[in-house]
Amino acid sequence: MKKLGFIGGGNMAEALARGLIAHKVFKPADLIVSDVDAARRKKINRALKVAVTPDNREVVRESGAILIAVKPQHIGEAIRDIAEAQTASKLKGKLFISIAAGITIARLTSALGAKARVIRVMPNAPAMVGRGMAAMVRSRGASKTDEAFALRIFNAVGDAVALGDEALLDPVTALSGSGPAYVYLFVKALADAAANEGIPRNLALRMTLKTVEGAEYNMRMSKLTPAELIRIVASPGGTTEAALKRFAATGFSDIVAAAVHAAADRSRELGRNH
């Protein structure tokens, strides 16, 4: 019996499996991955030495916990395969962890049973380089032990938190799910502006990335609030204050708030559609 099976062998599933093995949470022999794409199965098997199969039902039969990592448009097929495997093998009580975007706990438990042990997780793309941020919510049928198991999985590729309200996954999606793109946009804008001031473009990007990295580390290690850290850098009458005044005049904080709200609203809309 495998300790964890993956239904869907895409980039996120591969990153999770790689992190779990690298951090010695599981051994390759503890994992099994299903995917319809033979090339993906071959790649994952060669890279990670884990068992692979084209059959989702085999993953359900062979695993104590199943991580559903398919795209939302394929969730119906995955759930049908899970239900068929459980019925045919009379298997009940397995833990299901879903990272399928927009697929609610209610949608999963309606197919898997009202008492099904389900945990819904919103990871993000930096998990693929071991720097992810995930948030999760468990169903009524899932226990604190199940939650701790899921946290171990996602802590292997970054950080993870448990929430008590599934509705919070919409603003989570807007924050950590979409957030990397906001950072990329700001980095691009800052590097472009520096290049426009005469710094060679390759150096502008290099210097921007290091500035962001250093600021993030300083903020994370400091006991000061973000506002206090800003005040330390922004000497009265200095260059930073001049820049911050321009940010304020253009409504920078309002723009960010509106963007996050738009992303959260879109997440709610997608959840209703699924």
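Going by the structure above, here's the rest.
Undergrad: Before we move on, could you go through the nonpolar core and cite the residues and values that matter?
TA: One broad trend across soluble globular proteins is that nonpolar side chains are buried collectively. Ranked by size, the top nonpolar core spans 34 residues in total, and within it Leu4, Phe6, Leu67, Ile97, Ile153 and Phe154 carry the most contacts. In this structure Leu67 touches Leu4, Gly5, Phe6, Ile7, Leu16, Ile97, Ile99, Ile153 and Phe154, once residues within four positions along its chain are discounted. Formed by 25 residues, the second largest nonpolar core is a distinct cluster that contains Val59, Ile66, Leu108 and Leu112.

Undergrad: Give a detailed account of the environment of Ala51, specifying residues and quantitative values.
TA: If you trace the backbone, Ala51 turns up in strand E3 (residues 51-53). Considering only alpha carbons, one finds Ala51 and Ala264, 213 residues apart in sequence, at a separation of 37 Å. Here Ala51 is in contact with Lys2, Leu31, Ile32 and Val33, once residues within four sequence places are set aside.

Undergrad: Got a sec to walk through a nonpolar patch on the surface? Specific residues and values, please.
TA: A cluster of nonpolar side chains, Phe186, Leu190, Ile230, Leu244, Phe247, Phe252 and Val256, forms an exposed patch at the surface whose accessible area comes to about 540 Å². At the level of elements, helix H8 (179-196), helix H11 (239-249) and helix H12 (252-273) are the ones that each hand at least two residues to the nonpolar patch. By the element assignment, Leu244 lies in helix H11.

Undergrad: Help me get a handle on the layout of surface pockets, residues and values and all.
TA: With a probe scaled to a water molecule rolled over the atoms, the places where space remains empty come into view. Volume-wise, the largest pocket comes out at about 2,500 Å³. Along its surface, the largest pocket is lined by 47 residues, and Val183, Phe186, Val212, Ala215 and Glu216 are the ones closest to its centre. Contributing elements (two or more residues each) for the lining of the largest pocket: strand E7 (132-138), helix H7 (169-177), H8, helix H9 (201-221), helix H10 (226-233), H11 and H12. Here the lining of the largest pocket gets 11 residues from one element, more than from any other, and that element is H8. Counted by class, the lining of the largest pocket contains 33 nonpolar, nine polar and five charged residues. A volume near 690 Å³ is recorded for the second largest pocket. Residue lining of the second largest pocket: 27 residues in total, with Gly10, Ala69, Val70, Lys71 and Pro72 positioned closest to the centre. When residues of the lining of the second largest pocket are traced back to their parent elements, those giving at least two are helix H1 (11-22) and helix H4 (75-89). Top element by residues in the lining of the second largest pocket is H1. It accounts for three residues.

Conventions we followed
- Residues numbered from 1 in each chain as written.
- Predicted model: local features only at pLDDT ≥ 70, side-chain atom pairs only at ≥ 80, totals over all residues.
- Heavy atoms only, no water.
- Core = buried A, V, L, I, M, F, W, Y, C linked by side-chain atoms within 4.5 Å.
- Buried < 20%, exposed > 50% of the residue type's maximum accessible area, 1.4 Å probe, protein only.
- Contact = heavy atoms within 4.5 Å.
- Helix = DSSP H or I, 4+ residues; strand = E, 2+ residues; numbered from the N terminus.
- Patch = residues over 30% accessible without salt bridge, like charges linked within 9 Å, V, L, I, M, F, W, Y side chains within 5 Å.
- Areas by Shrake-Rupley, 256 points an atom, 1.4 Å probe, with all protein chains shown as cover.
- Salt bridge = Lys/Arg side-chain N within 4 Å of Asp/Glu carboxyl O.
- 1 Å grid on protein atoms, 1.4 Å probe; cavity = no way out; pocket = protein on both sides within 12 Å on 5 of 7 lines; lining within 4 Å.
- Points joined across faces, edges and corners; volume = space filled by probe spheres on them.
- Nonpolar A, V, L, I, M, F, W, Y, C, P; charged D, E, K, R; others polar.

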